[in-house]
Amino acid sequence: MENGVTFEQFCDKFKDEQSCIQALFAARWQHGFRCPQCSHPHFYEIRTRRLPLYECRSCRVQTSLSAGTIMEGSRTPLRLWFQAIFLHARPRGISALRLAEIIGTTYKTAWLICQKIRQAMSTTDSKELLGGFVRINCGVYGRPYNPTVFRHPQEQPLLAAATLDDNGQFSYVKIKQVPDNYLIHDRITNGGKHHFVDRHVSPDAKDVRAVILRFSGDRYWPLIELCKRASNWINYTFSGIGPKHLQSYLDQFCFGVNNLDRPSSLFLHLLQCAVSSTAVTYPQLTSRIDHSDKLKLIYNKLLKEAV
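Residues numbered from 1 in each chain as written. Predicted model: local features only at pLDDT ≥ 70, side-chain atom pairs only at ≥ 80, totals over all residues. Heavy atoms only, no water.

*Asks:* I'd like to hear about the pattern of salt bridges, residue by residue, with values.
*Replies:* Following the criterion strictly, the structure yields 11 salt bridges and no others. Between Asp 125 and Lys 176 there is a salt bridge whose closest N-O contact spans 2.8 Å. In this pair, Asp 125 is assigned in helix α5 (residues 107–126) and Lys 176 in strand β6 (residues 170–177), connecting sequence segments 51 residues apart. Each of the two residues, Asp 125 as well as Lys 176, counts as buried. With its nearest N and O atoms 3.7 Å apart, the salt bridge here joins Glu 225 to Lys 228. Within this pair, Glu 225 and its partner Lys 228 are both found in helix α7 (residues 221–238), separated by three residues, close to a single helical turn. (Salt bridge = Lys/Arg side-chain N within 4 Å of Asp/Glu carboxyl O. Helix = DSSP H or I, 4+ residues; strand = E, 2+ residues; numbered from the N terminus. Buried < 20%, exposed > 50% of the residue type's maximum accessible area, 1.4 Å probe, protein only.)

The following block contains the structure:
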């Protein structure tokens, strides 16, 4: 699959389950089958289920084609999964509502597929640390609604960072939400900066410069512009996102930026990410902590006290 393939051409290429099974097998075992238990290379194929099972000839352990991937446990046909991954590999992305219309599923199913694909992007990003010359700058998702020093519930403080190449251009970027315990009103604390560096910057980085004050004269404007681009993309494509799932969409935006110049097919790369990431369940997604309601109460209380 080369870049520039239309959605219609893609659907014609993967028009049935068998073609998807072959592609998924090749993506999962690029160098040939290896038993997850004993690494034996030979297997018996069992075709009594919708997706084949592979029984190791040595230890007899059976492995499902989708086990250990974001598709594990899903009853959605692989053909529709492949279409969803292809559409997410496009720079513009796609909303769950639009995806449901295209692949013919319920909104809930499409939303869960979208979130699982974003989980694969997030998992891939977590394995990559920033190194070399690193620049970090604070940002915000959601325009500042209030003229006071208090943080509005729709304002989400961010830290954007990038590894710079020899020409001063971005070679890898990350944008992360700042946990509430590292915030004082809308100001990021030094603890928030250290928390970000510990999680996302290599200990071997040559030069790390971070600006956490929103109105500092040392602000690194390319990162501020990156946050604005991410906000505009999220608002245009998804009509805005609340804090509960915002990080997944930020990771998707960065995934697109980091792979913009990928010479091979971005679909194949995203498929590789999908088979190397474990599935997240609907209860796990819906149980994510959402501090927005608590923040609204605090914000309204502070405004009343200020008056």
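Next, the rest of the story.
*Asks:* Give a description of the pairing of strand β4 (residues 133–141) that names residues and reports values.
*Replies:* With seven of its nine residues buried, β4 lies for the most part within the structure. Here β4 runs beside strand β5 (residues 156–164); their pairing, made up of nine bridges, is antiparallel. Following the sheet pairing, Gly 139 is matched in β5 by Leu 158. Sheet analysis places β4 next to strand β9 (residues 207–211), joined by five bridges and oriented parallel. Note that in β9 the partner of Phe 133 across the bridge is Asp 207. (Pairing = 2+ DSSP bridges.)

*Asks:* Could you give an account of the sheet that holds strand β3 (residues 62–64), naming the residues involved and the relevant values?
*Replies:* Judged by pairing direction, the sheet is antiparallel, and its three strands sit side by side in the order β1-β2-β3 without closing on themselves. Pairing within the sheet leaves two strands with one partner each, and these edge strands are β1 (43–46) and β3. For this sheet, the mean angle separating the axes of adjacent strands, direction not counted, is 30°. With four bridges connecting them, β1 and strand β2 (residues 53–56) associate as antiparallel partners. Note on β2: the bridge partner recorded for Glu 45 is Tyr 54. (Axes fitted to C-alpha atoms, helices over the stretch in contact; angles between N-to-C directions.)

*Asks:* Any details on the environment of Phe 238? Residues and values, ideally.
*Replies:* Relative to the helices and strands, Phe 238 resides in helix α7. In this structure the C-alpha to C-alpha distance between Phe 238 and Tyr 249, which are 11 residues apart in sequence, comes to 9.3 Å. Here Phe 238 is in contact with Ile 94, Ser 95, Arg 118, Trp 233, Tyr 249 and Gln 252, once residues within four sequence places are set aside. (Contact = heavy atoms within 4.5 Å.)

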